[in-house]
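Examining the three-dimensional arrangement
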Amino acid sequence: MSDNPLYYGSSKSTPMYYGARPAYGGKSPMYYGARPYGGHYGAYGSYGGTSPAPGEDGSLVGTITLSRILRVVSQRWLSVFVFLLVGIVIAFAVYRISPTIYEATSEFTMDMRRSSSGNRSMNAIDQAMVDYGSDYAEIFNTRLSDWRSGKIVAMITQEYRSSHPAATDSDDEIMSVLAGSKLELQRHSRIITITVRSKSPKLAAGLANAYASAIEAFTDEENKARCDKAVQQIHSNVEKQRHAVEKLSKQLTDFRTANKVDNLRSSRDTAQQALTQVTTEILRLEAEETQLGEWEKLLAELQNDPESFGSIPTDSARATEIANEYQHFLDTSAEFAALQITFTDNHPDVIAKGKELEMAKKRFLDAVARALQSCRSTLQVTRNRLASLRAKYDDLKNDLASYSQRVVFAESSLGILEADFTVANHLLEDLSMGEQKARIDAEANNEIVRVGRQASVPTKPVLPNPLVIFGVGIVLSLALGFLFVLVVDNIEDTVVNLADIEGRLALKVLAVFPHVRRKSREQVAKFAVEDKYSSFAEAVAGFRNLLDSPRYEAMSHCLLVISTQPGEGKTISSTSVAISYAQSGRKVLHVDFDLRRPRLARVWGIELTEAKSFSHALQNANGKKPDFASLVTASSVPNLDVICSLPPDGVTPASIFGSSIVGEFFEWARANYDHIIVDSPPFGIVGDVVSLAVMVDSVIIMCCPDRTHFKPIQYCARSLTEAGANILGVIVNDVEVSNAAAFSPHSKHGYGYGYGYGYGYGRYGGYYRSSKKRSPADGKPADGQPAADAPSTPSAADAPKPPAARAKSEFADED
């Protein structure tokens with residue numbers, strides 16, 4: 001038994017029911033019009049949406065994945081094998097009718113030489129030659145057009161005729177063969193191969209050799225003409241350059257004569273020298289002016305206070321006279337002071353010396369006055385001279401600026417002319433040397449082409465190649481076969497495996513119900529009661545336990561089970577889920593809302609009258625709330641009540657679903673039952689399911705392998721999501737044991753339904769008891785007590801039968 005539940009998907013990923021709230025999302029669904037899908041009609045009219053262009057993504061083949069390719073090929077391998085056989089037959093026919101072709105190959109070498117002279121960019125011959133490129137690959141691609149020109153074809157024909165005078169091949173035949181010839185440069189070499197194919201081996205070899213010889217002769221003629229032209233061209237360039245040099249020399253002389261550049265330079269230098277002299281003189285006079293000002297200030301202070309005399313500059317005017325008078329004044333003062341000490345003030349000597357002292361002081365002050373007058377006169381003269389020199393300085397400065405500007409302009413223009421003259425003169429010298437070198441190299445071949453290996457007459461044909469023909473035939477036939485089966489699979493548009501649902505529909509797979517071989521629908525619907533240890537009953541119980549998990553418990557009070565078309569097991573699955581809930585001790589109500597094709601009465605074997613018909617009660621309500629309790633019929637399963645319906649008379653079900661009575665019914669049901677399981681009509685273009693989906697807690701969509709189509713279920717999920725319904729996920733129903741691997745990559749032989757509480761069923765009847773206990777008060781097992789549908793120790797009568805014993809009773813075909 002595999003331990004992985006089928007609704008997990010990959011064992012490496014998080015289980016489905018641990019994700020976000022189930023909703024239709026992922027890839028955007030296709031929007032459909034009103035054309036019915038697949039031509040399904042019945043009591044509901046057309047259903048399933050419309051069929052747009054083939055392929056979910058709008059392509060003819062649909063979404064291509066490795067798993068889908070392997071699955072489709074494994075299912076339709078015979079179609080692929082037929083395509084393979086057809087491809088092999090066609091390849092054999094092509095091989096037989098293809099003409100025999102021989103191939104001959106000759107070789108020649110190509111060498112692009114450049115002259116050794118190294119002037120500015122290229123020598124004289126290089127200027128005359130066409131630049132074919134920098135490497136041999138580029139040169140070859142450039143020369144290829146010349147080697148396939150009409151002139152080459154004529155030379156090849158002429159060469160072939162001269163070397164094979166007895167040949168009877170026509171010119172048209174030769175040109176036809178040459179049209180299919182091929183020239184190819186060998187990698188990392190200078191060797192070029194010429195490949196010629198023809199039905200005649202001799203013609204192929206002869207044209208290959210003639211082709212190589214013609215290219216050699218053609219290149220030699222081009223080299224000779226190019227070298228002759230090169231000398232003339234270079235000489236013409238030398239003469240043009242000589243005239244250009246003479247013209248520049250005349251322009252240089254005329255410019256010097258017109259602008260007198262030498263005179264301007266001399267005037268500028270003279271002005272510069274004069275400006276320098278004036279600047280020196282101004283600096284000297286400014287220093288003299290400063291010294292005279294200090295001397296004037298000192299003399300003025302001596303007049304006011306002779307005693308403050310200290311020292312004076314020796315180079316000052318009258319400095320010696322002032323110094324002598326001041327020294328005489330000091331000596332007289334000293335003598336007068338000595339007499340005052342010896343005698344009284346009235347002594348004749350003291351009085352005489354005092355008069356002498358007054359005369360000495362007067363002479364000193366007079367000398368100072370004369371020096372001050374002389375200093376002021378000199379200072380005034382100096383300042384006048386400074387003013388004159390400064391004016392002259394400004395004039396010289398302006399003249400110098402003018403001369404400098406004119407000299408700069410003249411020198412700039414003259415420099416440009418001299419530079420142009422120098423460049424032109426150097427270029428003339430280079431061209432002259434190039435001309436001399438070109439005359440020496442005029443006879444040399446700058447492009448050398450020489451025939452290398454001659455082609456021999458081939459003995460084995462190259463076409464048809466059986467490996468290529470049969471290989472291409474097999475590959476194309478397999479590709480077409482794969483494409484065909486993918487297109488057919490996409491056009492059929494049916495759900496095949498788990499990846500189809502989760503990948504293309506982006507819906508969770510909640511459970512997988514196995515196929516039960518029974519004779520009638522009623523027997524299959526109540527199969528979970530008859531054999532609670534069967535794989536089908538275990539699958540339903542596992543799904544119920546999933547809904548009881550914390551993730552889904554709040555969304556499983558009121559469930560709506562829908563399908564996109566009849567026959568997908570909607571009624572059987574809803575009945576089985578209701579039975580499983582009732583067996584767990586919960587109070588369950590099973591409601592038949594399929595008013596167009598009610599089936600629950602027949603499933604439960606109830607003789608239903610209009611008084612107990614749910615549809616008639618809703619039809620006859622007339623705005624009043626019916627007694628819903630009177631519509632309830634107890635089923636044969638404890639804790640399970642059923643409300644059945646008959647087809648309404650004279651009123652469409654859509655009008656009933658649109659009334660407020662339906663909402664009141666759900667309020668009553670929620671208040672009186674632990675779980676409400678609603679059996680709805682198939683989803684179609686009518687609005688029954690949409691009206692019900694928004695009133696319940698969650699919606700479960702049924703899916704039947706190889707029966708359910710993608711587009712109707714996409715349309716269903718999109719419509720319900722847009723209406724605000726909560727899509728819980730998908731139940732995959734009626735799965736054959738042999739196809740179990742398609743719905744679980746880890747389940748090879750059986751089914752497992754496990755989640756966080758460890759409940760499951762295996763191939764050989766292995767039984768796993770739930771670890772979750774419920775209390776008797778709420779219908780759930782209490783601690784230490786086994787669940788109603790999961791006894792801890794099954795009796796011998798209830799023990800699961802081995803697969804061989806159950807083969808005839810458990811798995812019977814469903815209607």
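Counting from 1, residues in each chain are numbered in the order their sequence is written. Only residues with pLDDT of 70 or above have their local features reported here, since the model is predicted, and side-chain atom pairs are shown and tallied only from 80 upward, although totals for entire chains, interfaces and linings are computed over all residues. To get the side-chain values, take all heavy atoms of the structure and skip hydrogens and water.

With that settled, the discussion passes to the overall build of the protein chain. Strands here are runs of E lasting at least two residues and helices are runs of H or I lasting at least four, both read from the DSSP assignment and numbered beginning at the N terminus. A tally of regular secondary structure across the protein chain gives 24 helices and twelve strands. Contacts in the protein chain between residues at least 24 apart in sequence constitute 80% of all its contacts with a sequence separation of at least 6. In the structure as shown, the protein chain presents an accessible area of about 40,200 Å², 55% of it carried by carbon and sulfur atoms. Residue contacts are defined here by distance: any two heavy atoms, one from each residue, within 4.5 Å place the two residues in contact. The protein chains shown are the only cover counted for residues, whose accessible areas, like all others here, come from Shrake-Rupley with a 1.4 Å probe.

DSSP-based pairing: two strands are paired if at least 2 bridges between them are found. With antiparallel pairing, four strands are arranged side by side in an open sheet as 2-3-1-4. Edge positions in the open sheet fall to strand 2 (182-185) and strand 4 (447-451), since each of these has one partner strand only. With direction set aside, neighbouring strand axes in the sheet form an average angle of 25°. Across four bridges, strand 2 lies against strand 3 (residues 191-198) in antiparallel orientation. Bridge assignment links E184 to a residue of strand 3, and that residue is T193. Contacting strand 1 (102-112), strand 2, strand 3 and strand 4, helix 4 (residues 136-147) runs over the sheet at an angle of about 120° to strand 1. For helices, the fitted axis covers only the stretch in contact; all axes are lines through C-alpha atoms, and the angles between them, taken along N-to-C directions, range from 0 to 180 degrees.

Whenever Lys or Arg places a side-chain nitrogen within 4 Å of a carboxyl oxygen from Asp or Glu, that contact is recorded as a salt bridge. Evaluation of the coordinates by the stated rule reveals 27 salt bridges. As a salt-bridge pair, R707 and D734 come within 3.7 Å of each other at their nearest N and O atoms. Of this pair, R707 sits in the loop between strand 11 (698-703) and helix 22 (710-723) while D734 sits in strand 12 (residues 727-735), placing them 27 residues apart in sequence. Only protein chains enter the accessibility calculation, which uses a 1.4 Å probe. A residue is then buried if its area is under 20% of the maximum for its type, exposed if over 50%, and partly exposed in between. The class for D734 is buried, based on a relative accessible area of 16%.

Turning our eyes to something else, we now look at the sheet that holds strand 9 (residues 640-643). Taken together, eight strands build an open sheet; the order of strands is 5-12-11-6-10-7-9-8 and the sheet is mixed. Looking at the sheet topology across the chains shown, the edges are occupied by strand 5 (509-514) and strand 8 (633-634). Pairing analysis gives two bridges linking strand 8 to strand 9, with the strands arranged antiparallel. Its bridge partner lying in strand 9, A634 is registered against D641. Across the sheet, helix 15 (residues 535-547) lies against strand 5, strand 6 (558-562), strand 11 and strand 12, angled at about 165° from strand 5, the strand it touches most. On top of the sheet, helix 16 (residues 570-583) reaches strand 5, strand 6, strand 7 (588-592), strand 9, strand 10 (675-679), strand 11 and strand 12; it is set at about 170° to strand 10, its chief contact.

As a further point, take helix 11 (residues 466-492). In an α-helix, one turn spans 3.6 residues; hence positions three or four apart end up facing the same way. To estimate the expected span of a helix, subtract one from its residue number and multiply by 1.5 Å. With 27 residues, helix 11 should cover 39 Å at 1.5 Å per step; its first-to-last C-alpha distance of 38 Å lies within 8% of that length. Taken together, the buried positions of helix 11 are I469, G473, S477, G481, V485, L486, V487, D489 and N490. A side-chain oxygen of the first residue of helix 11 lies 3.1 Å from the backbone nitrogen of L467; this N-cap is N465. One or two residues past the end of helix 11 sits D493, with phi positive at roughly 60°. Polar contact criterion, stated in full: a pair of N or O atoms within 3.5 Å, where within protein one must be able to donate a hydrogen and the other to accept it, and residues adjacent in sequence count only if both atoms are side-chain atoms.

With that out of the way, let us pick up a nonpolar patch on the surface. A cluster of nonpolar side chains, W77, L78, F81, V82, L85, V86, I88, I90, V94 and I474, forms an exposed patch at the surface whose accessible area comes to about 860 Å². At nine residues, the largest contribution of residues to the nonpolar patch is made by helix 2 (residues 77-97). Within the fold, W77 resides in helix 2. With a relative accessible area of 53%, W77 lands in the exposed category. Patch membership is restricted to residues that have no salt bridge and whose relative accessible area is over 30%. Joining uses 9 Å for like charges and 5 Å for the nonpolar side chains Val, Leu, Ile, Met, Phe, Trp and Tyr.

Their axes nearest at 11 Å, the elements helix 6 (residues 171-179) and helix 7 (residues 201-259) cross at an angle of 75°. When the axes of helix 6 and helix 7 are compared, the pair comes out roughly perpendicular. Where helix 6 approaches helix 7, its residues E173, I174, V177 and L178 are matched on the opposing element by L203, L207 and Y211. Its residues assigned to classes, the contact of helix 6 with helix 7 shows six nonpolar, no polar and one charged. By the definition adopted for this analysis, an angle is roughly parallel if under 35 degrees, roughly antiparallel if over 145, roughly perpendicular if from 65 to 115, and oblique otherwise. In the scheme used here, Gly and all other residues not listed as nonpolar or charged are polar, with Ala, Val, Leu, Ile, Met, Phe, Trp, Tyr, Cys and Pro taken as nonpolar and Asp, Glu, Lys and Arg as charged.

Here the focus is the environment of E492. Mapped onto the secondary structure, E492 falls in helix 11. Taking the C-alpha atoms as reference points, E492 and R707, 215 residues apart in sequence, are found 9.7 Å from one another.

Moving on: the packing of helix 4 against helix 7. Helix 7 packs onto helix 4 with a crossing angle of 100° between their chain directions and a minimal axis gap of 12 Å. On the basis of their axis angle, the class for helix 4 and helix 7 is roughly perpendicular. Counted together, R143, D146 and W147 of helix 4 and Y211, I215, F218, T219 and E222 of helix 7 form the full contact between these two elements. Classifying every residue of the contact of helix 4 with helix 7 by side-chain character gives four nonpolar, one polar and three charged.

With omega at 0°, the peptide bond leading from L463 into P464 counts as cis. Its location among the elements puts P464 in the loop between strand 4 and helix 11. One non-glycine residue, N639, lies in the positive phi region at around 70°.

Next up on the list: the nonpolar core. Residues belong to one nonpolar core when they are buried, are Ala, Val, Leu, Ile, Met, Phe, Trp, Tyr or Cys, and are joined through side-chain atoms within 4.5 Å. In this structure, F593, F665 and L720 are the most contacted members of the largest nonpolar core, which totals 52 residues. In this structure F665 touches L589, V591, F593, F614, F628 and I643, once residues within four positions along its chain are discounted. One finds L510, I606, I677 and I731 within the second-largest nonpolar core, a separate group that totals 41 residues.

Summarising the element assignment, L389 is placed in helix 10 (residues 348-441). With 104 residues separating them in the primary sequence, L389 and L285 have C-alpha atoms 9.5 Å apart. Residues within four places of L389 in sequence aside, it is in contact with V278, E281, I282 and L285.

Attention now goes to the pairing of strand 7. Burial of strand 7 is extensive: five of the five residues sit out of reach of the surface. Side chains V588, H590 and D592 of strand 7 all project onto a buried face; the interleaved residues L589 and V591 project onto the opposite face, where all are buried too.

Moving on: the side chain of E281. If you trace the backbone, E281 turns up in helix 8 (residues 261-304). At 2.4 Å, the side chain of E281 and the side chain of R284 are in polar contact. Each residue touching E281, except ones within four places of it in the same chain, is listed here: R385 and L389.

Tracing the sequence through the fold places E296 in helix 8. Taking the C-alpha atoms as reference points, E296 and R376, separated by 80 residues in sequence, lie 6.8 Å from one another. Excluding residues within four positions of it along the chain, E296 makes contact with L372, C375, R376 and L379.

Attention now goes to the packing of aromatic side chains. By convention, a stacked pair of Phe, Tyr or Trp rings (six-membered ring in the case of Trp) has centres within 6.5 Å and planes under 30 degrees apart, an edge-to-face pair has planes over 60 apart, and any other such pair is tilted. Taken as a whole and judged by the stated rule, the model has 17 aromatic pairs. Ring centres 6.4 Å apart and planes at 15° place the aromatic pair F329 and F364 in the stacked group. Of the two residues, F329 is situated in helix 9 (residues 319-342) and F364 in helix 10; the sequence distance between them amounts to 35 residues. By relative accessible area, which is 0% here, F364 ends up buried. Considering the side-chain rings of F593 and F666, the 5.6 Å spacing of their centres and the 5° angle between planes classify their relative orientation as stacked. Taken together, the residues span a long stretch of sequence, with F593 in the loop between strand 7 and helix 17 (600-604) and F666 in helix 20 (residues 661-672) at a distance of 73 residues. Relative accessible area serves as the criterion here: at 0%, F593 is assigned to the buried category. Put simply, the rings of F593, F614, F628, F665, F666, W668 and Y673 pair up and form one aromatic cluster.

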